[in-house]
Amino acid sequence: MGYFSRILNNCNETCILSLRSKEEKLSLKQKIEMKIHLRFCTCCQNFEKQSDKIDESMKAFFENVDIKPPIKASDDFKARMKEQFK
Amino acid sequence: MQVNTLNYNSWVDKYTDYLFSFAYYKVGKKEEAEDLVQETFLSAYKGRETYNGTASEKTWLMAILKNKIIDYYRKPKITDSFSTYLDQTEESFEHSFFDQDNYGRWSEKVEDNYFSKAADGYLISKEFQKFLSICLEKMPSKLKAVFVSKYIEDEKAENICKEHDITSSNYWVIIFRSKTLLRTCLEKKGVLG
């Protein structure tokens, strides 16, 4: 497989580079290869967008419990909790 | 601050549902959420001398519970090493998501993209967060333990690698696979309602 063919088809590697680029500095070579691939690949562009959305929703998931429907503990559990201090 | 059995019982009445609900959404399993809440009350009871009344009781109990949840995710539950796990599951992962007849490119349909195009605020809506908790519950526990650390304390890759004793490249593979599984699950939820 030629160089460009490899660059254009390595979705797997590109997505991992894109994830890393949010936290680390990539080498110039990595950066260019990632940009070229992303320019031509709608699937990976798509992954990038969804990845950001996952970050956003996961942060909310762990920070804010009030936006979720409350779940009640069972009465049986509450009774057991009281029992342990009798 | 005098905490006797009477106060303890009133804590249970007042805060169990709130703490349980929080724990349930974090760990996704009823039994484990119950254990965490129980441990929280036990620690609170043992440490009642240290409660000085500046924070509300609820805030104080929540702080204890959050620490219990962090410990819960740090506990190594599976003895296999991460690299063995990743090697063993690589093939099935690649077959599920990549098209081997097309240079190994993504095999998913691009148009399945409902949640990244969703309106502002949808991602933090009750409906979407419910889907998210269902999908997290379905994730392999090995991946989930690492993936969740990223958000639970907003930690950087370096620290998470140290905690779980994994290499940086394995870490990014884990994050990549977790996100791939999660988005597939979320897209399905969105389509099926």
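Basis of the calculations
- Residues numbered from 1 in each chain as written.
- Chains lettered and ligands numbered in written order.
- Predicted model: local features only at pLDDT ≥ 70, side-chain atom pairs only at ≥ 80, totals over all residues.
- Heavy atoms only, no water.
- Helix = DSSP H or I, 4+ residues; strand = E, 2+ residues; numbered from the N terminus.
- Buried < 20%, exposed > 50% of the residue type's maximum accessible area, 1.4 Å probe, protein only.
- Contact = heavy atoms within 4.5 Å.
- Areas by Shrake-Rupley, 256 points an atom, 1.4 Å probe, with all protein chains shown as cover.
- Buried area = accessible area lost by both parts, 1.4 Å probe.
- Salt bridge = Lys/Arg side-chain N within 4 Å of Asp/Glu carboxyl O.
- Polar contact = N/O pair within 3.5 Å; in protein donor to acceptor, adjacent residues only side chain to side chain.
- Disulfide = S-S within 2.5 Å.
- Patch = residues over 30% accessible without salt bridge, like charges linked within 9 Å, V, L, I, M, F, W, Y side chains within 5 Å.
- Lys, Arg positive; Asp, Glu negative; His and termini not counted.
- Charge placed at Lys NZ, Arg CZ, Asp CG, Glu CD.

K.L.:
What am I meant to see in the overall build of chain B here?
P.N.:
On a plain count of helices and strands, chain B comes out with eight helices and two strands. Taken from N to C terminus, the helices and strands of chain B fall in the order α-α-α-α-β-β-α-α-α-α. For chain B, the residues scored as buried account for 48% of the 193 residues in total. Sequence-distant contacts, at least 24 apart, represent 64% of the contacts inside chain B between residues at least 6 apart. Put simply, chain B shows about 10,000 Å² of open surface, and 49% of that area lies on carbon and sulfur atoms.

K.L.:
Where do I start with the interface of chain A and chain B in this structure?
P.N.:
A common way to report how large an interface is uses the accessible area buried once the components associate. Between chain A and chain B, the residue contacts involve 48 residues of the former and 61 residues of the latter. For the chain A and chain B pair, buried surface summed over both sides reaches about 5,400 Å², with 66% attributable to carbon and sulfur atoms. Scanning the region where chain A abuts chain B turns up six salt bridges. Between B:Lys150 and A:Glu23 there is a salt bridge, with the nearest N and O atoms lying 3.4 Å from each other. At the junction of chain A and chain B, the tally comes to 16 residue pairs in polar contact (both at pLDDT 80 or more). Elements represented by at least two residues in the side of chain A that touches chain B include exactly α1 (3–9), α2 (11–21), α4 (42–63) and α5 (75–83) of chain A. With 18 residues, α4(A) is the largest single contributor of residues to the side of chain A that touches chain B.

K.L.:
I keep staring at the state of the cysteines and nothing clicks. Help me out?
P.N.:
Residue and element names in this part refer to chain A. Counted by the stated rule, this structure contains one disulfide over all chains. We note that Cys11 lacks a disulfide partner, and the nearest cysteine sulfur, in Cys44, lies 3.9 Å from it. On the accessibility criterion, Cys11 (0% relative accessible area) is buried. Of all cysteine sulfurs in the structure, the one in Cys15 sits closest to Cys44, which takes part in no disulfide; the separation is 3.6 Å. You can call Cys44 buried: its relative accessible area is 2%.

K.L.:
How do you make sense of a negative patch on the surface when you look at a structure like this?
P.N.:
Residues and elements named next belong to chain B. Side chains of Glu31, Asp35, Glu39 and Asp71 sit close together on the surface and give a patch of like negative charge. With three residues, the top contributor of residues to the negative patch is helix α2 (residues 30–46). Looking at the element boundaries, Glu31 is found in helix α2.

K.L.:
When you look at the side chain of A:Glu33 in this model, what are you seeing that I'm missing?
P.N.:
Tracing the chain through its elements places A:Glu33 in helix α3 (residues 28–40). Apart from the residues within four sequence positions on either side, A:Glu33 is in contact with A:Tyr3, A:Arg6 and A:Ile7.

K.L.:
What is the right way to look at the pattern of salt bridges in this model?
P.N.:
Opposite charge on two side chains lets them pair, provided their charged atoms get close. Residue and element names in this part refer to chain A. According to the stated counting rule, one finds 14 salt bridges over all chains in the structure shown. Its salt-bridge partner being Glu13, residue Arg6 comes within 3.7 Å of it at the nearest N-O pair. What makes Arg6 partly exposed here is its relative accessible area of 32%. We classify Glu13 as partly exposed; its relative accessible area is 44%. Here Asp52 and Lys22 are joined by a salt bridge, their closest N and O atoms 3.7 Å apart. In this pair, Asp52 is assigned in helix α4 and Lys22 in the loop between α2 and α3, connecting sequence segments 30 residues apart. Classification of Asp52 as partly exposed rests on a relative accessible area of 35%. The class of Lys22 is partly exposed, set by a relative accessible area of 48%.

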